[in-house]
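Structural characterization, general
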Amino acid sequence: GKPSCRRAGHCMHGEPVTASMASQPSLKGWQTWGGRHAFLCDGRVMVGPDWGVTCFAVALTTVLSVAFWIFVCPTLAGAPLVTSVGMLLYALTLTLLVATATADPGILPRAPYVDDAESLANASAERFVEVRGVTMPLKWCSTCRIWRPPRASHCTECNVCVERFDHHCPWTGQCVGLRNYRYFFGFVLSVCSLCAYTLVVSALSFLHALAAALTDATSGGDRVGVALDERPVPAALSIATALILLCVCPLLCYHCSLTCRNATTSEEIKGTFADRANPFDQSCPANCRHVLCRPLPPSRLHLRSAAAEELGGPMILRNDGGGGEGGGGVELPMAAADEGPPPLRTATLPGSEGKRRPAREQSSPDDVPV
């Protein structure tokens, strides 16, 4: 159960991860992991490199919530109900935080068996896929040595490629991508709900004390000071939760906008669809269902399997382009599993040749690899 942290591209003893090491039957996938994640329980739990910040977020949420239950809720009528609602929101927030921090965000397995020569050739080649009539280039990742599917990106914090990469969240210590975006969205929504509830109840508690001080003739001139002396915790919680809401509410609104348009933070920052239509954008209801409600695709990672089975990646598909071995065949990524309805048509361009007009294959949805 002891956490194991390693530098990117190194195994637990510090040596670089190589194909020969990956083939050793005594090593599991998590023991030859090339990212910056930490593992617990023999690879059963994976957390990001910023897991210390996640622990701080859990501690901060717990301290504020416990103070709310002890010092604020008993001052109001219906204290058991008020406390129960606060505990429910707290439990929901922490559950979604842990789910976001420990879920596989959609990491694409590396291909350590690709040699330097092939990697260099692929880096200078072009690959394309067509999504609803829009041609999108594929990018070669020299670190993971794979062709990244559309919307995937390499996270420099975690040192892995993630499908439908949105951003790296330091508070959850994990990338936010295809497989944990809904948990992240729910986490942000629950934080706003918890803070708003705490703010309203704490403000009511303080206002009751202030009203009592205003009607008390013996309280003197400084009525606000009397109320602060009587109920300092509700006043402090009101200020703290208001500040948190000022930071988190705009974030929630922003991600609501992204979800309605089926866009990602990474695409917005890079301006991926600034000069062309987003082929993944359907309608607002369809986008919301697709992003938040569709069944999650299975993880591509098998961290507790033998490293030889894990590394090399099930996401690699050999496409020889009719040339066979030595005929310019390349390895193309599997179609992005998160994009569901639109069939992806892969371009068949030789990896070692110069840039040329992309060739397209007409394929049915059944031909799209999964």
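Look up a bit, the structure's there.
Residues numbered from 1 in each chain as written. Predicted model: local features only at pLDDT ≥ 70, side-chain atom pairs only at ≥ 80, totals over all residues. Heavy atoms only, no water.

1. As for a nonpolar patch on the surface
Taken together, the side chains of V53, F56, L60 and W171 present a nonpolar region at the surface, about 370 Å² in accessible area. The residue V53 is located in helix α2 (residues 51–72) in this model. Classification of V53 by relative accessible area gives partly exposed; the value is 32%. (Patch = residues over 30% accessible without salt bridge, like charges linked within 9 Å, V, L, I, M, F, W, Y side chains within 5 Å. Areas by Shrake-Rupley, 256 points an atom, 1.4 Å probe, with all protein chains shown as cover. Salt bridge = Lys/Arg side-chain N within 4 Å of Asp/Glu carboxyl O. Helix = DSSP H or I, 4+ residues; strand = E, 2+ residues; numbered from the N terminus. Buried < 20%, exposed > 50% of the residue type's maximum accessible area, 1.4 Å probe, protein only.)

2. Points about the packing of aromatic side chains
Inspection of the entire model under this criterion finds 9 aromatic pairs. Note on W69 and Y90: the rings are 5.3 Å apart at their centroids and 90 degrees apart in plane angle, and the pair reads as edge-to-face. Here Y90 lies in helix α3 (residues 79–102) and W69 lies in helix α2, a separation of 21 residues in the sequence. For the pair W69 and Y90, a shared accessibility class is recorded, and that class is buried. Between the aromatic rings of W140 and W147, the centroid separation amounts to 5.5 Å while the plane-to-plane angle is 65 degrees, which identifies the pairing as edge-to-face. Given the relative accessible area of 12%, W140 is considered buried. Its relative accessible area of 1% is what places W147 among the buried residues. Above the plane of the ring of Y181 lies R164, whose end atom (NZ or CZ) is 5.6 Å from the centre. (Phe/Tyr/Trp six-rings, centres within 6.5 Å; stacked < 30°, edge-to-face > 60°. Lys NZ or Arg CZ within 6 Å of the ring centre and 35° of its normal.)

3. What about the layout of surface pockets?
Any empty space left between atoms is shown by rolling a water-sized probe over those atoms. Its volume calculated, the largest pocket comes out at about 610 Å³. What lines the largest pocket is a set of 26 residues, among which W171, F187, V191, I244 and V248 lie closest to the centre. Listing elements by their share of the lining of the largest pocket, those giving two or more residues are α2, α3, β10 (167–169), α5 (181–215) and α7 (232–261). Of the residues forming the lining of the largest pocket, the biggest block, 7 residues, is contributed by α5. Here the lining of the largest pocket is built from residues that sort into 19 nonpolar, 7 polar and no charged. (1 Å grid on protein atoms, 1.4 Å probe; cavity = no way out; pocket = protein on both sides within 12 Å on 5 of 7 lines; lining within 4 Å. Points joined across faces, edges and corners; volume = space filled by probe spheres on them. Nonpolar A, V, L, I, M, F, W, Y, C, P; charged D, E, K, R; others polar.)

4. A short note on the packing of α2 against α7
Orientation of α2 relative to α7, taken along the N-to-C sense of each, is 145 degrees, at an axis distance of 10 Å. Classified by chirality, the crossing of α7 by α2 is left-handed. Where α2 approaches α7, its residues L64, A67, F68, F71 and V72 are matched on the opposing element by V233, P234, L237 and I244. Grouping the amino acids of the contact of α2 with α7 by side-chain chemistry returns 9 nonpolar, no polar and no charged. (Axes fitted to C-alpha atoms, helices over the stretch in contact; angles between N-to-C directions. Left-handed = near helix turned anticlockwise from the far one by under 90°. Contact = heavy atoms within 4.5 Å.)

5. Notes on the nonpolar core
One recurring pattern in soluble globular proteins: nonpolar side chains tend to sit buried together. Y181, F187 and V188 are the most contacted members of the largest nonpolar core, which has 19 residues in total. Sorting the residues of this core by element identifies α3, α5 and α7 as the ones contributing at least two each. Broken down by element, this core gets its largest block of residues, 8 residues, from α5. With sequence-adjacent residues up to four places away left out, Y181 is seen in contact with R164, D166, V176, H255, L258, T259, V291 and L292. (Core = buried A, V, L, I, M, F, W, Y, C linked by side-chain atoms within 4.5 Å.)

6. Some details on the environment of A103
In this structure, A103 sits in the loop between α3 and β4 (107–108). The class for A103 is buried, based on a relative accessible area of 15%. Considered as a pair, A103 and Y183 are 80 residues apart in the sequence and their alpha carbons are 8.9 Å apart. Residues within four places of A103 in sequence aside, it is in contact with Q174, N180 and Y183.

7. So, the sheet that holds β4
In spatial order, the strands read β4-β9-β8; together these 3 strands make up an open sheet with antiparallel pairing. Unpaired on one side and paired on the other, β4 and β8 (153–155) mark the two borders of the sheet. Direction of pairing for β8 relative to strand β9 (residues 160–162): antiparallel, over a ladder of 3 bridges. In the strand pairing of β9, C155 is matched with V160. (Pairing = 2+ DSSP bridges.)

8. Some thoughts on the side chain of H154
By secondary structure assignment, the location of H154 is in strand β8. Of note is the side chain of H154, whose polar atom sits 3.1 Å from the side chain of N159. Contacts of H154, omitting those with residues within four sequence positions, involve C141, T143, C144, R148, N159, V160 and C161. (Polar contact = N/O pair within 3.5 Å; in protein donor to acceptor, adjacent residues only side chain to side chain.)

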